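# Residue-level structural notes
As a plain string of letters, each chain reads:
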Amino acid sequence: MFLMDYHTHTLASPDGFAPLEDMAAAAAEAGLQELCVTDHCDLLSTDGERTLDHSWQPALEQYDRLEARRGIKVKLGVELGEAPVSPDTAAALAAMDRLDFVIGSLHNWSEEKGGRDFYYTAFHSAEQCREAVEDYLDSMERLVELPGCYDVLGHVNYPLRYMARDGFPMTLTPWLGRLREIFRTAVESGRGIEVNTNRGAALGEWEPILALYRECGGEIVTLGSDAHKPDAVGKGIRDACALVKDAGLRYVTTFTGRKPEFHKL
């Protein structure tokens, strides 16, 4: 079994807590063979303001300082958020020549709906939850038309975390038709999806998503814990490998220079 964590954050993210050195040490301790650091580069702030300027310096400095790789490969990635807000800006950021990997993520309501991160929404009704999912999928439909801005689609069930937090557990089952078209577009452009374990807290909800992705001909799947602290690195990754295999998919995927590399399950 090839164990990798391809969604992690360090102090180079505004919500990170530890330097890359500590995250790499935790990855080695967890028995991972490969770690990808994917610090945030978001085109909307958590409050919905455009943030189109980004400095690579903090991420590159700590990556270059990482001397002891501790027996694992460490790759340089980015979680590029809200690319549809400014496709030209997103494409230029994703073209940074040292990147191995780009997660295309959505965290926010669309600008038309205020642009705030779903994390800061207080969900108070099923109707509001349905509106959020519809808006989220609207943005994802725009994102998949920008293949240069992502290698995999990140946490396609992201808003559902906060609906469950607020007492409204939801699934994507009513929207599988829309998700099918999104996956088909991603697959046709040679892109994939990630299984995001949410630090080991959410795995079962990925079963229908993976089944649908396989139905659409998808093969590129990365695994990520979404760790923001060392103690969450690798959480849920072994179980995620089993889920991917049970869904009939043959590989997990890593990236070098934004090119996929397949590891048989």
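Below: a short report on this structure. (Residues numbered from 1 in each chain as written. Predicted model: local features only at pLDDT ≥ 70, side-chain atom pairs only at ≥ 80, totals over all residues. Heavy atoms only, no water.)

### Some points on the overall build of the protein chain
Within the protein chain, the secondary structure is distributed over eight helices and nine strands. Here the C-alpha atoms of the protein chain give a radius of gyration of 17 Å, agreeing with the 18 Å that 2.2 N^0.38 yields for 265 residues. Over its C-alpha atoms, taken along the principal directions, the protein chain stretches across nearly 50 × 40 × 35 Å. Burial statistics for the protein chain: of 265 residues in total, 55% are counted as buried. Within the protein chain, contacts between residues separated by at least 24 positions form 75% of all contacts whose residues are at least 6 apart in sequence. Summing over all exposed atoms, the protein chain offers an accessible surface of approximately 11100 Å²; the carbon and sulfur share of this is 49%. Side chains of the protein chain carry 27 positive and 43 negative charges; the gap between the two charge centres is 5 Å. (Helix = DSSP H or I, 4+ residues; strand = E, 2+ residues; numbered from the N terminus. Rg over C-alpha atoms; globule rule 2.2 N^0.38 Å. Buried < 20%, exposed > 50% of the residue type's maximum accessible area, 1.4 Å probe, protein only. Contact = heavy atoms within 4.5 Å. Areas by Shrake-Rupley, 256 points an atom, 1.4 Å probe, with all protein chains shown as cover. Lys, Arg positive; Asp, Glu negative; His and termini not counted. Charge placed at Lys NZ, Arg CZ, Asp CG, Glu CD.)

### Thoughts on unusual backbone geometry
In this structure, Asn 198 takes a positive phi of about 50° despite not being glycine. Examined against the element boundaries, Asn 198 turns out to sit in the loop between strand E6 (192–196) and helix H7 (206–215). Here Arg 258, not a glycine, exhibits a phi torsion of approximately 65°, which is positive. Here Arg 258 is to be found in the loop between strand E8 (251–256) and strand E9 (259–264).

### Details of the nonpolar core
Counting 88 residues, the largest nonpolar core has Met 140, Leu 153, Phe 183, Leu 210 and Leu 223 as the members making the most contacts within it. The leading source of residues in this core is helix H4 (residues 126–143), at seven residues. Residues contacting Leu 223, with those up to four places away along its chain left out, are Met 4, Asp 5, Tyr 6, His 7, Val 195, Ile 237, Ala 240, Cys 241, Val 244 and Val 252. (Core = buried A, V, L, I, M, F, W, Y, C linked by side-chain atoms within 4.5 Å.)

Limitation: the analysis is restricted to geometry and does not speak to function.
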